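Notes for the structure review
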Amino acid sequence: MAEQVRGVVARRKGKAVSVETVVVPDPGPGEAVVEIQACGVCRTDMHYREGGISDDFPFLLGHEAVGVVETVGEGVTDVAPGDFVILNWRAVCGQCRACLRGRPWYCFDTRNAVQKMTLLDGTRLSPVLGIGALVEKTLVAAGQCIKVDPAASPTVASLLGCDVMAGIGATINACGFDVDVVIDAVGRPETYEQAFYARNLAGRVVLVGVPAPQMKLELLLVDMFGNGGMLKSSWDGDFLPSSDRPMLVDLYLQEWLDLEALVTETIPLDDVEKAFEQMHHGHVQRLVVMP
C-alpha cells in the first residue's frame, strides 16, 4: 500500500523549496523503498532548484543519502529489507560495452525506478538524479542500493553518496593521482577555462560538477594542440559503486578517512532552504538532513 511521507519539493524555478506530503508507491519489479536516515544538502540540489540542470519541475530534491531498505519488489535479490545502503544515482545494466569493459559509470542503459512518486494531488515528481532523498522514504531501482557496513554513522556515510566519492574518485580514478587541477565548475565555465591555462604543460584538468545544459566552453584549438594534456570529466568519481563505496566505508571505520570533519551540522527537513542560503554564502562545508 502506498505511503505518505514528508519531503523537500522544488515547485518552480528559483523559488524557495517547501516540505510537502509525498506519496511513495509500493515497490514494483526491480524496485525498493528505502527509509532515509541521512541526506547531505548538495550544491547540485540547489542548482536543480534554480533550474540550472533541467526544467522538469517539480523536483523531489536530495541524492547524497544513506538509509535502510524497507521493502523490495518482485525479482529483487541483491538487497533485502533491513539492509543498510548508500544510494547510487543510477543502477547499471551490467551488459553494455561500458559495463563489460569495467566502466559501469559510463553505462549505456542505466535504470531508475519505473514508478513515480507524486504529490497528494497526483502531480508526478522528478527525483533528483533518480533518487529524491530529502524525504522520509524514497523509491529507487534496487540496483541503486549499495550495501555497506551498518556500523558506520549515517551522518557521515551519506557523504559517500556524492561529495566524498566525487572528490576522491576524481583524484584516484579519473587521474590516477596524476592531476594538476580538479574543479567543480557548476555554473562557471570560465573557471574551467582558467584551470586550462593555469595547469602545467600537458597537465590534466578534471571537471567534477554537473553543468547546466546550455553552458559552453570555448577554447582555441591551437591552444589545445600547443598545451597538450587531458581535459575530462569525472562521473560520480568514476567509481565502481558495488565495491568502492563499501571500501570507503571500511576506510572510515578504520579511521583512515576523517569524514566527521566534513559535517558542519545536522538539520531537519524544514531547514533545507536555510541550508541553501548558507551554502550560497560559503558558510558551511556540509549540512546533513536527518529526516
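Quick summary incoming for the structure in this document. (Residues numbered from 1 in each chain as written. Predicted model: local features only at pLDDT ≥ 70, side-chain atom pairs only at ≥ 80, totals over all residues. Heavy atoms only, no water.)

What follows deals with the overall build of the protein. Helix and strand counts for the protein come out as 8 helices and 15 strands. Relative to the compact-globule value of 19 Å for 291 residues, the protein shows a C-alpha radius of gyration of 19 Å, a close match. Structurally, the protein occupies a C-alpha span of about 60 × 40 × 35 Å along its principal axes. Counting every position in the protein, which comprises 291 residues, the buried fraction comes to 48%. (Helix = DSSP H or I, 4+ residues; strand = E, 2+ residues; numbered from the N terminus. Rg over C-alpha atoms; globule rule 2.2 N^0.38 Å. Buried < 20%, exposed > 50% of the residue type's maximum accessible area, 1.4 Å probe, protein only.)

Further remarks concern the state of the cysteines. Note on terminology: disulfide describes a covalent bond linking the sulfur atoms of two cysteines. Applying the stated criterion across every chain yields a total of 0 disulfides. Here Cys 96 is not cross-linked by a disulfide; its sulfur's nearest cysteine counterpart is in Cys 99, at 3.7 Å. Counting only cysteine sulfurs, Cys 93 is the nearest neighbor of Cys 107, a cysteine outside any disulfide, at a range of 3.6 Å. Taking relative accessible area as the criterion, Cys 107 reaches 8% and is therefore assigned buried. (Disulfide = S-S within 2.5 Å.)

What follows is about the layout of surface pockets. Computed from the structure, the largest pocket encloses a volume of approximately 740 Å³. Looking at the largest pocket, it is lined by 32 residues, and the ones nearest its centre are Thr 44, Cys 162, Val 208, Gly 209 and Val 210. Considered class by class, the residues forming the lining of the largest pocket number 18 nonpolar, 9 polar and 5 charged. In this model, the second largest pocket occupies a volume close to 580 Å³. Every residue lining the second largest pocket is counted, 28 residues in all, and those nearest its centre are Asp 78, Ala 91, Val 92, Ala 142 and Gly 143. Of all the elements in the fold, those that place two or more residues in the lining of the second largest pocket are β10 (145–147) and α7 (241–253). Of all the elements, β10 adds the most residues to the lining of the second largest pocket, at 3 residues. Considered class by class, the residues forming the lining of the second largest pocket number 15 nonpolar, 8 polar and 5 charged. (1 Å grid on protein atoms, 1.4 Å probe; cavity = no way out; pocket = protein on both sides within 12 Å on 5 of 7 lines; lining within 4 Å. Points joined across faces, edges and corners; volume = space filled by probe spheres on them. Nonpolar A, V, L, I, M, F, W, Y, C, P; charged D, E, K, R; others polar.)

Our next topic: the pattern of salt bridges. Per the counting criterion, the structure on display carries 10 salt bridges. Note that Arg 49 is salt-bridged to Glu 50, the shortest N-O span being 3.3 Å. A relative accessible area of 9% places Arg 49 in the buried class. Between Glu 64 and Arg 286 there is a salt bridge, with the nearest N and O atoms lying 2.8 Å from each other. Taken as a pair, Glu 64 in strand β5 (residues 64–72) and Arg 286 in the loop between α8 (272–280) and β15 (287–289) lie far apart in primary sequence, 222 residues in all. Exposure class is identical for Glu 64 and Arg 286. Each is buried. Because the salt bridges share partners, they merge into one network encompassing Glu 3, Glu 70 and Lys 137. (Salt bridge = Lys/Arg side-chain N within 4 Å of Asp/Glu carboxyl O.)

Distances and angles like these do not, on their own, reveal function.
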